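Structural features, examined
Single-letter residue listing:
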Amino acid sequence: MVGSAVEDKLARARLDGTVVGTGHRDYDRLRRVYNAVIDRSPGAIVQAATARDVQKIVTIAASSGLPLAVRCGGHSFAGLGTCDDGVVCDLSRMNSVVVDPMNRTVEVGGGALLGAVDAAGGRYGLVMPAGVVSHTGIGGLTLGGGMGYLSRRFGLTIDNLIEVDMVTADGVLSRVNALELPDLFWAIRGGGGNFGVVTSFTFRLHALGPVAIRRWTHPTSVIAETLMRYREVAAVAPRELTTAFVATKDELQLRAIWSGSTRRAGAIIDHFALPRGVQDPKVDMSYLELQRASDELLPWGLRYYSKGGFLAEMDDRVIDVIADSLADAPIPGLEVYCLQLGGAVGDVADDATAYSGRTAAFYWISQGAWSSPDDDERAIGWCRSTARRLGALSLETNYVNEQADTGVAQSAYGESKYRRLARLKGRYDPTNVFRLNQNIEPIRA
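Residues numbered from 1 in each chain as written. Predicted model: local features only at pLDDT ≥ 70, side-chain atom pairs only at ≥ 80, totals over all residues. Heavy atoms only, no water.

Okay, the overall build of the protein chain next. Looking only at helices and strands, one finds 13 helices and 19 strands in the protein chain. C-alpha extents for the protein chain along the principal axes are approximately 65 × 55 × 45 Å. When the 445 residues of the protein chain are sorted by exposure, 58% land in the buried category. Sequence separation of 24 or more characterises 74% of the internal contacts of the protein chain that already satisfy a separation of 6 or more. (Helix = DSSP H or I, 4+ residues; strand = E, 2+ residues; numbered from the N terminus. Buried < 20%, exposed > 50% of the residue type's maximum accessible area, 1.4 Å probe, protein only. Contact = heavy atoms within 4.5 Å.)

This is the structure in structure tokens:
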């Protein structure tokens, strides 16, 4: 447990935020994270209010040798925003979002949620490409890469990152961008939370009008035939169009999201009206509404598991694995989700950032959401089995944000990038203070 001496240090540090110990009335509420599979008991939760608070928290945890977890939105499937017996640096109070509409930029506090960024930009018709669930924390999403419905048009979240303010393991607050500490800027664009705590992000924004969405539901009896037709039309889709599908034991739902000129939307989207599909009512909505559309389906408090991978193409073997695995799904709520990539994502050179999936055409996720602990073993077992089969057909690199299992960093980046990251880790965090993540072991100089 966190000893009384360390709790006293935190209490005496004159923080602008709040120290929540195990006896605090809000402790049980604040220790919870998004994924109910995760149940951990930190020794102290510190609700930081300023960058100076973060510096003090990092310094105290490092000098005490305690586990230090950093939490923004608490969405990590693996529960990396919490720990047993250590210190949680909770950034949720550092949630400011300030838009500069003239320069089309936004400055975002390290604890802000994606929905707040969407809403602030939306007032000016501006967007920052990111994930697809509004109660996701912007911090973890960004540091892993950040992919979503606008990635094909405007790139990943990290491709729109201008600079950050960041506290490194020595407690120093630094500005990090392409000119100041450029090696660290390279690492944090995909390297996860291995290099420090980001207290502020600055992003580039883009003008965007209404989006058009179409959805078609197909019976699983024709899943193989439908996905073969789907891959043909997806292969020639312009970058203003993003497609995705969700396949369950009971149905296959295709989605098409158009973000270009509304004049062209109908003709292009209608290519995805494949045989045997039942189209949902046409939906034209704002990007803000689109970003909130999945919130109720993926709420706090359910039990989750997720494991994913990149596909160079969706060949027949991939389609066969999806169809075969879904037929054996043991409980409701298990699915294979697949998001189309390409477009602007591939415009950036693979070695320009730590993120390592630039050549992928799709990203798949074997995932589940359920409510009873009694279903944990069967649900997680199915997700892992399906992921293992799809992983054998996938690219060697991976996306660290969608993994409910830890220990995947080396395989996610590939040998060359991992060694580069490990050397940088050795420079900026030689004692591995920031180890509660998809961890990169430091190589010391």
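Residues in a regular strand point their side chains to alternate faces of the sheet. Neither face of strand 2 (residues 44-47) is exposed, since Ala44 and Val46 on one face and Ile45 and Gln47 on the opposite face are all buried. Relative to strand 2, strand 1 (residues 18-21) is paired through 4 bridges, and the arrangement is antiparallel. Note that in strand 2 the partner of valine 20 across the bridge is isoleucine 45. Here strand 2 pairs with strand 4 (residues 87-90) via 4 bridges, running parallel. By the bridge assignment, isoleucine 45 is partnered in strand 4 with valine 88. (Pairing = 2+ DSSP bridges.)

Moving on: the sheet that holds strand 5 (residues 97-100). In spatial order, the strands read 5-6-10-8-9; together these 5 strands make up an open sheet with antiparallel pairing. Sheet topology places strand 5 and strand 9 (173-177) at the edges, where each strand pairs with a single neighbour. Taken pair by pair, the neighbouring strands of this sheet meet at an average axis angle of 15 degrees, ignoring direction. Sheet topology note: the strand 5/strand 6 (residues 105-109) ladder contains 4 bridges and is antiparallel. Looking at the pairing, valine 99 lines up with valine 106 of strand 6. (Axes fitted to C-alpha atoms, helices over the stretch in contact; angles between N-to-C directions.)

On to the packing of helix 11 (residues 316-327) against helix 12 (residues 376-391). Here helix 11 crosses helix 12 at 165 degrees, and the two axes come no closer than 10 Å. It follows from the interaxial angle that helix 11 and helix 12 lie roughly antiparallel. Remark: the crossing between helix 11 and helix 12 carries right-handed chirality. Residues Val318, Val321, Ile322, Asp324, Ser325 and Leu326 of helix 11 touch helix 12, and the partners they reach there are Trp382, Thr386, Arg389 and Leu390. Residue composition of the contact of helix 11 with helix 12, by class: 6 nonpolar, 2 polar and 2 charged. (Parallel < 35°, antiparallel > 145°, perpendicular 65-115°, else oblique. Left-handed = near helix turned anticlockwise from the far one by under 90°. Nonpolar A, V, L, I, M, F, W, Y, C, P; charged D, E, K, R; others polar.)

Turning to helix 9 (residues 262-269), a few remarks are in order. Those residues of helix 9 that fall on the buried side of the exposure criterion are Ala265, Ile268 and Ile269. Angularly, the buried residues of helix 9 cover 90 degrees about the axis, an arc narrow enough to put them on a single face. Pointing more than 90 degrees away from the buried face of helix 9 are the exposed residues Arg263 and Ala267. At its buried positions, helix 9 is contacted by strand 12 (211-219), strand 13 (241-247) and strand 14 (251-258). (Arc of directions from axis to C-beta.)

What follows is about the packing of aromatic side chains. All told, the structure shown has 12 aromatic pairs when counted by the stated rule. Taken together, a centroid distance of 5.6 Å and an interplanar angle of 10 degrees make the contact between phenylalanine 201 and phenylalanine 203 stacked. Across the pair, phenylalanine 203 and phenylalanine 201 agree in class, each one buried. On the numbers, 6.3 Å between centres and 55 degrees between planes, the contact of tyrosine 230 with phenylalanine 272 is tilted. In this pair, tyrosine 230 is assigned in helix 8 (residues 223-234) and phenylalanine 272 in the loop between helix 9 and strand 15 (278-279), connecting sequence segments 42 residues apart. The rings of Tyr34, Phe77, Trp300 and Tyr304 are connected pair by pair, giving a single aromatic cluster. (Phe/Tyr/Trp six-rings, centres within 6.5 Å; stacked < 30°, edge-to-face > 60°.)

Another aspect to go through is the pattern of salt bridges. In the structure shown here, the tally under the stated rule is 19 salt bridges. For arginine 175, the salt bridge is made with glutamate 163, and the minimal N-O distance between the two is 3.2 Å. You can see arginine 175 sitting in strand 9 and its partner glutamate 163 sitting in strand 8 (residues 161-167), a full 12 residues away along the chain. A relative accessible area of 19% places glutamate 163 in the buried class. Put simply, aspartate 316 and arginine 231 hold a salt bridge, and the shortest N to O gap is 2.8 Å. Taken together, the positions of aspartate 316 in helix 11 and arginine 231 in helix 8 put the pair 85 residues apart, joining distant regions of the chain. Judged by its relative accessible area of 24%, arginine 231 is partly exposed. One salt-bridge network, in which partners are shared between bridges, spans Asp28, Arg31 and Asp39. (Salt bridge = Lys/Arg side-chain N within 4 Å of Asp/Glu carboxyl O.)

On the basis of which strands lie adjacent, the open sheet formed by 4 strands has the order 1-2-4-3 and mixed pairing. At either margin of the open sheet sits one strand with a lone partner, and together these are strand 1 and strand 3 (68-71). Averaged over neighbouring strand pairs, the angle between their axes works out to 20 degrees when direction is ignored.

On to the environment of tryptophan 300, then. Note that tryptophan 300 resides in the loop between helix 10 (287-292) and strand 17 (303-311). The class for tryptophan 300 is partly exposed, based on a relative accessible area of 42%. Remark: the alpha-carbon pair of tryptophan 300 and glycine 74, spanning 226 residues in sequence, is separated by 9.6 Å. Among all residues touching tryptophan 300, those that are not within four sequence positions of it are Arg32, Val33, Tyr34, Gly73, His75 and His135.

The next point concerns the nonpolar core. Leu227, Tyr230, Leu241, Phe245, Met314 and Ile322 are the most contacted members of the largest nonpolar core, which has 46 residues in total. Counting residues per element, this core draws most heavily on helix 12, which supplies 6 residues. Membership of the second largest hydrophobic core comes to 38 residues, among which are Val108, Ala130, Leu143 and Trp186. (Core = buried A, V, L, I, M, F, W, Y, C linked by side-chain atoms within 4.5 Å.)

So, about the side chain of aspartate 295. Relative to the helices and strands, aspartate 295 resides in the loop between helix 10 and strand 17. In this structure aspartate 295 is buried but unpaired, with arginine 292 as the nearest side chain of opposite charge at 5.7 Å. Reaching out from aspartate 295, the side chain makes a polar contact with the side chain of serine 134 at a distance of 2.3 Å. Not counting residues up to four positions away in its chain, the partners in contact with aspartate 295 are Val133, Ser134 and His135. (Lys, Arg positive; Asp, Glu negative; His and termini not counted. Polar contact = N/O pair within 3.5 Å; in protein donor to acceptor, adjacent residues only side chain to side chain.)

By themselves, these figures tell us nothing about what the structure is for.
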